[in-house]
Amino acid sequence: QGTERKVQDGLRIQRKQLTIRFIRRRALALWIYLSNYQEDYIMERVEKFLKEAETYYLATVEGDQPRVRPFGTAHVFEGKLYIQTGKVKDVSKQLHQNPKAEICAFKNGEWLRVSGKLIEDDRNEARQSMLDAYPSLQKMYKADDGNTEVFYFENATAIFSSFTHEPQIIKF
């Protein structure tokens, strides 16, 4: 009876350990799912705001002089926020010299600022995805024209602000 009890206790411990492992795996899977969902939601929220605002302002630096200009392209491709420009433009040259940039958009009493590094994506499919999202650009740009250029935000911080609520800070 003593040996049988030890075997039963051992089996009970093994079942508990298996249950704990199962619960841990399920919790990890849920955490990964929610993390991906949250990332997608954040990106969609930022992109939606920028598209609804229609115009945002992109700030770069030329030497020690800030440069700001209106932009209108914002597109999520492969989970990253992209903008588009032409290689012949000053903004392209500025971003290649110093990739740190910030954009700011305003709509309905709320504004969004996104800061980070803008990294060039030289893949044809990234450029084509942007042009597909903005068909009107296809009159001036082609994915393989040697001029079209897309950049994505890396290590970005988005801040949603308003005079009526506390800022909401999101990193992506």
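Rules behind the numbers
The numbers attached to residues start from 1 for each chain and follow its sequence in the written order. Only residues with pLDDT of at least 70 get local features here, since the model is predicted, and only at 80 or more are side-chain atom pairs given and counted; chain-wide, interface and lining totals rely on the full set of residues. Only hydrogens and water are set aside; all other atoms, that is, all heavy atoms of the structure, feed into the side-chain values. The secondary structure listing takes helices from DSSP runs of H or I that are at least 4 residues long and strands from runs of E that are at least 2 residues long, numbered from the N terminus. Radius of gyration here uses only the C-alpha atoms, and the compact-globule reference equals 2.2 Å multiplied by the residue count raised to the power 0.38. Buried means the residue's accessible area, taken with a 1.4 Å probe over protein chains only, is under 20% of the maximum for its type, while exposed means over 50%, and partly exposed covers the values in between. Contacts between residues were defined by any pair of non-hydrogen atoms, one from each residue, lying within 4.5 Å. Method for areas: the Shrake-Rupley scheme with a 1.4 Å probe, in which residue coverage is limited to the protein chains shown. When charges are counted, Lys and Arg are positive and Asp and Glu negative, with His and the chain ends excluded. Note on charges: their place is set at NZ of Lys, CZ of Arg, CG of Asp or CD of Glu. Every case where a carboxyl oxygen of Asp or Glu lies within 4 Å of a side-chain nitrogen of Lys or Arg is listed as a salt bridge. Any two strands are treated as partners once DSSP identifies two or more bridges connecting them. Joining through side-chain atoms within 4.5 Å is the link that ties buried Ala, Val, Leu, Ile, Met, Phe, Trp, Tyr and Cys residues into a set, and such a set is a nonpolar core. Arc definition: it is the arc formed by the directions from the helix axis to the C-beta atoms.

### Side note on the overall build of the protein chain
Thought 1: Per the secondary structure count, the protein chain includes 3 helices and 8 strands.
Thought 2: For the protein chain, the sequential pattern of α-helices and β-strands runs α-β-β-β-β-α-β-β-α-β-β.
Thought 3: For the protein chain, whose C-alpha radius of gyration is 24 Å, the value lies well above the compact-globule estimate of 16 Å for 172 residues.
Thought 4: In terms of overall dimensions, the protein chain has a C-alpha envelope of 85 × 45 × 30 Å along the principal axes.
Thought 5: Across the 172 residues in the protein chain, those meeting the buried criterion constitute 35%.
Thought 6: Within the protein chain, contacts between residues at least 6 apart in sequence are counted, and of these 63% link residues at least 24 apart.
Thought 7: Accessible area for the protein chain stands at about 11400 Å²; split by element, carbon and sulfur atoms hold 53% of it.
Thought 8: Averaging the locations of the 27 positively and 24 negatively charged side chains of the protein chain gives two centres separated by 10 Å.

### Describing the pattern of salt bridges
Thought 1: Applying the stated rule across the entire model yields 9 salt bridges.
Thought 2: Here glutamate 47 and lysine 51 are joined by a salt bridge, their closest N and O atoms 3.3 Å apart. Placement of the pair is glutamate 47 and lysine 51 together in helix α1 (residues 2–53), with a separation of 4 residues, close to one helical turn.
Thought 3: The partly exposed category is assigned to lysine 51, whose relative accessible area is 35%.

### Description of the pairing of strand β6 (residues 110–121)
Thought 1: Bridging between strand β5 (residues 100–107) and β6 involves 8 bridges; their strand directions are antiparallel. When the sheet's bridge partners are listed, glutamate 102 is paired in β6 with serine 115.
Thought 2: In textbook terms, the turn of a hairpin is the stretch between consecutive antiparallel strands, and for β5 and β6 this stretch comprises 2 residues, one of which, asparagine 108, has a positive phi near 50 degrees.
Thought 3: Here β6 pairs with strand β7 (residues 148–162) via 11 bridges, running antiparallel. Note on β7: the bridge partner recorded for aspartate 121 is valine 150.

### Focus on unusual backbone geometry
Thought 1: Not every positive phi belongs to a glycine, and glutamate 78 is a case in point at roughly 50 degrees.
Thought 2: Locating glutamate 78 in the fold gives a position in the loop between β3 (75–77) and β4 (80–86).
Thought 3: Residue glutamate 78 is classed as exposed on the basis of its relative accessible area of 55%.
Thought 4: If you check the backbone angles, asparagine 108 has positive phi at about 50 degrees while not being a glycine.

### Focus on the nonpolar core
The tendency in soluble globular proteins is for nonpolar side chains to be buried as a group.
Thought 1: With 37 residues, the main nonpolar core has Val46, Leu50, Tyr56, Leu58, Leu112, Val114 and Leu118 as its most contacted residues.
Thought 2: Counting residues per element, this core draws most heavily on β7, which supplies 7 residues.
Thought 3: If near-sequence neighbours (up to four positions away) are discounted, leucine 112 is found in contact with Val46, Phe49, Leu50, Ile103, Cys104, Ala105, Ala158, Ile159 and Phe160.

### Considering helix α2 (residues 90–97)
Thought 1: Burial in α2 covers these residues: Val91, Ser92, Gln94 and Leu95. The buried residues of α2 occupy one face: seen down the axis, they fall within an arc of 165 degrees.
Thought 2: In this fold, the buried residues of α2 make contact with β1 (56–62), β2 (65–71), β4, β5, β6 and β7.

### Some remarks on helix α3 (residues 124–133)
Thought 1: If you check which residues of α3 are buried, you get Ala126, Arg127, Ser129, Met130 and Leu131.
Thought 2: Next to the buried residues of α3 lie β3, β4, β6 and β7.

### Examining the side chain of glutamate 149
Thought 1: Relative to the elements of secondary structure, glutamate 149 occurs in strand β7.
Thought 2: Buried and without a salt bridge, glutamate 149 has lysine 87 as its closest oppositely charged side chain, separated by 5.1 Å.
Thought 3: Residues in contact with glutamate 149, not counting those within four places in the same chain, are Ile83, Gln84, Thr85, Gly86, Lys87, Ser92, His96, Glu120 and Arg127.

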